[in-house]
Amino acid sequence: MAGKLLEIQNLTTGFVTEKGIAKATDRISLSVEKGKTLCIVGESGSGKSVASLSIMRLVDYAGGTIFEGSIRFNGDDLAAKSQKDMINIRGEHIAMIFQDPMSALNPVFTIGDQIAESLQLHQRISRPEAWRQAIDMLQMVGIPDPELRAKQYPHEMSGGMRQRVVIAMALVCKPALLIADEPTTALDVTVQAQILELLRRLQDELGMAIVLITHDMGVAAEMADRIAVMYAGKIVEEGTVLDIFDHPSHPYTIGLLNSIPGLEGTRGEELYTIPGTIPSINNLPAGCRFNPRCVKAEDRCRHQEPGLNEYRTDHHVACWLYSSEGARNTAGSASEVNHL
Amino acid sequence: MTQQPLIDVRNLKKYFPIKTGLFNRVVGHVKAVDDVTFGIHQGETFGLVGESGCGKSTLGRAILQLQKPTSGEVLFDGRSVQQMNAKQLRHLRQDMQIIFQDPFGSLNPRFHIRDIIGEPLRVHQQVSAAEIDKRVVELMELVGLDATRRNRYPHEFSGGQRQRIGIARAIALNPRFIVADEAVSALDVSVQSQVLNLLMKLQKELGLTFLFIAHGLNVVRHISDRIGVMYLGRLVEVGRTEELFANPRHPYTAALLSAIPRPSPHRKQERIVLQGDVPSPANPPAGCRFHPRCIYAQDKCRVLSPELVTLASEHQVACHYPLEALSHSEVI
Ligand SMILES: Nc1ncnc2c1ncn2[C@@H]1O[C@H](COP(=O)(O)OP(=O)(O)OP(=O)(O)O)[C@@H](O)[C@H]1O
Ligand SMILES: Nc1ncnc2c1ncn2[C@@H]1O[C@H](COP(=O)(O)OP(=O)(O)O)[C@@H](O)[C@H]1O
Ligand code: SF4
Ligand code: SF4
Ligand SMILES: [Mg+2]
Ligand SMILES: [Mg+2]
């Protein structure tokens, strides 16, 4: 497809355990267009990080294995690449930032050195030129006094500044795709607002695509062009940001949106809750993975797992309520509990 | 309200010494809580918000006397905590409890759930093992845990369940006042709403008074009757929840509220993006501590620290040039 920069098909990544293979992502399919933002949302343990580490092929180092599927980036299948090839792709074409900026920074080198170093890893330029570009990049991410700051060490900076440095380091080679795994979760809302604004501006200026992983539906609403909702290793719903918020369809998505205390709603009222908790990937229920918590579960849900189907144009849901055989249950049923 | 508050905090300060490595000489102080005055009424939930490091947890711990205040006074039900004798303090410890953020770190991994929840009973009350067990079952049912699992260990429970264990333990001695320090912050939304409902239910049933510390502003809004906004060790604004959200009068509160990402793609709200980071509380700016980041700062702000003054009923602000009060319709 023309505009697709990244296209993941049927990706299964798992961990070998005593009890067999625990599939952290189970035949998931996703795609991102050039210059656009895909948000992956879901609660902790749903497989968001494993999915993103798989794209970078870093999951190999976390003890994970890609068992099935393809990860096409500009048409090339990353799942089939050697780690040696990946070294050139990582950093230069695809960059990644994590929740904890300290994990990406080396405490014993100045930040200017670290940014210049990652440039020289991918480009044949002189040290002074790399240093100059590093300072430009620090300027671009809004670090005041970049010449001075470039000579400082990570511990001399605040959390928000470190995350800016990490973003500078990730973007210095002008990658086509940035994967950001909860980049603002550890930050205050005020600093989060700065970082999100920065990401949007850099996306405009550099034309890069972003895969943004978050558990905050507010962040997703603000940043996403498309949203994929993950639950226990599966994508249960995928669509445009407007479809997900205006026509949430999977009972899990609806429950998630309704559980958030709003800023306009009535204070102190009992909140909507999804009963129970997310199952462990080592101990999944039979049938639909959401069935023990689902208010709409019917007999079939306990035996057969629904696939991800396009039930409206460009809007995908994995739920029997929306499959053609289950059509008797569709329209209106999902929005009953939706008071947003 | 003219009624005497259950918790009455007066000019409370908590400074931490900064020492040099070599001679252990005190070279300065982190003014984590610097002259804070406010009250919490019986049965009320008072929310405390502000950026990381502004002193919320320190204030909570100083009120509970878990950390000795540097100066100032805390009155519990009209009696000064500082002047209590050992016996009175022991009673006070039963009346005031804390729930922590980390449902993983705050529970001893080698203890059965039964012992974790029952421990305060064993320490503070002379009751038989059978009575403790009965009470543990009661408490577990009250917080929505399966009491038949009381002989299990913490790691066998999910994050939300562990938070319920922490809550059961906190209410074991029928306290009157609970500090919930980021009690739901580490939980996923679907579990967070379960625990929030539990806290609200317990408050109604047991008449509890809460100091609710959290950085999730929508959560604080939902649960709190009144909210205090802290900045660098100071309370800069206090007001009833609806009023504070509709009519923030301190520029910092306005910026903080505008930074919340709204879970709706249609509301692209005007945002006041604050520049820079929170300055270090070891070396706070002179005058108004917010002035280096404040777009309204004037000369006066750079030299004179504003006092917390009452602007409208139950609405206090520490700012020389408070924002105009808007009508509700303009905001929502
Ligand atoms: N025991 C201590 N010794 C020295 N400094 C301390 C101590 N405890 C807290 N501080 C400092 O006091 C200030 C306030 O810390 P506090 O933990 O109260 O912040 P907070 O508002 O709860 O932040 P967060 O939102 O990150 O939990 C910080 O600068 C912190 O580093
Ligand atoms: N290195 C690992 N070894 C074994 N299991 C793992 C490892 N990393 C992640 N998992 C498991 O994979 C599942 C998905 O994890 P993750 O992708 O980190 O979730 P999320 O990022 O959505 O919170 C979880 O059940 C987690 O326990
Ligand atoms: S398939 Fe059944 S159990 Fe699963 S989400 Fe749909 S209705 Fe609920
Ligand atoms: S006192 Fe001055 S600097 Fe401080 S918040 Fe008010 S206007 Fe801003
Ligand atoms: Mg993760
Ligand atoms: Mg704290």
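Predicted, not measured: the structure shown is a model, and the values here were computed from it. In this convention, every chain numbers its residues from 1, walking through the sequence in written order. Here the convention is simple: chains get letters from A, ligands get numbers from 1, in the order in which they are written. This being a predicted model, a pLDDT of at least 70 is required before a residue's local features are given, and a value of 80 or more before pairs of side-chain atoms are given or counted; all residues contribute to the totals for chains, interfaces and linings. For side-chain calculations, the full set of non-hydrogen atoms in the structure is used, while hydrogens and water are omitted.

The next thing to look at is the site of ligand 1. Residues and elements named next belong to chain B. By nearness alone, every residue bordering ligand 1 is listed as Phe-16, Val-30, Ala-32, Ser-52, Gly-53, Cys-54, Gly-55, Lys-56, Ser-57, Thr-58 and Pro-281. Here a polar contact means two N or O atoms within 3.5 Å. Within protein one must be a hydrogen donor candidate and the other an acceptor candidate, and residues neighboring in sequence count only if both atoms are side-chain atoms. Backbone polar atom of Cys-54 to an oxygen atom of ligand 1: 3.3 Å apart, as the coordinates give it. At 2.7 Å, a side-chain N or O of Ser-57 approaches an oxygen atom of ligand 1. Across the complex, the protein chains shield 63% of the 640 Å² of accessible surface that ligand 1 would expose by itself. At the level of secondary structure, the elements contributing two or more residues to the shell around ligand 1 comprise strand 2 (26–40) and helix 1 (56–63). Helix numbering and strand numbering both begin at the N terminus, where a helix is a DSSP run of H or I of at least 4 residues and a strand a DSSP run of E of at least 2. For the shell around ligand 1, the leading source of residues is helix 1, giving three residues. Any residue with a heavy atom positioned within 4 Å of a molecule or strand is treated as near that molecule or strand. What sets the accessible areas is the Shrake-Rupley method with a 1.4 Å probe; for residues, cover comes only from the shown protein chains.

Three labels apply to residues, based on accessible area from a 1.4 Å probe with only protein chains included: buried if under 20% of the type maximum, exposed if over 50%, partly exposed otherwise in between. Of all nine residues in helix 11 (residues 251–259) of chain A, nine are buried; the element is thus mostly enclosed. Listed as buried for helix 11 of chain A are Pro-251, Tyr-252, Thr-253, Ile-254, Gly-255, Leu-256, Leu-257, Asn-258 and Ser-259 of chain A. Residues of helix 11 of chain A that are buried make contact with helix 9 (217–223), strand 9 (226–231), strand 10 (234–240) and helix 10 (241–246) of chain A together with helix 6 (189–206) of chain B. Any two residues whose heavy atoms approach within 4.5 Å are treated as being in contact.

The next thing to look at is the interface of chain B and chain A. Facing 43 residues of chain B, the contacting portion of chain A comprises 45 residues. Interface of chain B and chain A: buried area, both sides summed, is about 3,700 Å²; carbon and sulfur atoms make up 55% of it. What counts as a salt bridge is simple: a side-chain nitrogen of Lys or Arg found within 4 Å of a carboxyl oxygen of Asp or Glu. A salt bridge links Arg-267 of chain A to Glu-242 of chain B; the shortest N-O distance between them is 2.8 Å. If you look at where chain B meets chain A, you find 19 residue pairs in polar contact (both at pLDDT 80 or more). Computed with a 1.4 Å rolling probe, the buried area is the accessible surface lost when two parts are put together, summed over both parts.

With that settled, consider the sheet that holds strand 4 (residues 71–76) of chain B. Residues and elements named next belong to chain B. Only strands that DSSP links by at least two bridges are regarded as paired with each other. With antiparallel pairing, four strands are arranged side by side in an open sheet as 2-1-4-5. Pairing within the sheet leaves two strands with one partner each, and these edge strands are strand 2 and strand 5 (79–80). Bridge count between strand 1 (residues 7–19) and strand 2: 11 bridges; the pairing is antiparallel. Bridge pairing in strand 2 places Tyr-15 opposite Lys-31. Helix 1 rests against strand 1, strand 2 and strand 4 of the sheet, and its axis sits at about 115° to strand 1. Only the stretch in contact is used when fitting a helix axis, every axis being a line fitted to C-alpha atoms; angles between N-to-C directions are given from 0 to 180 degrees.

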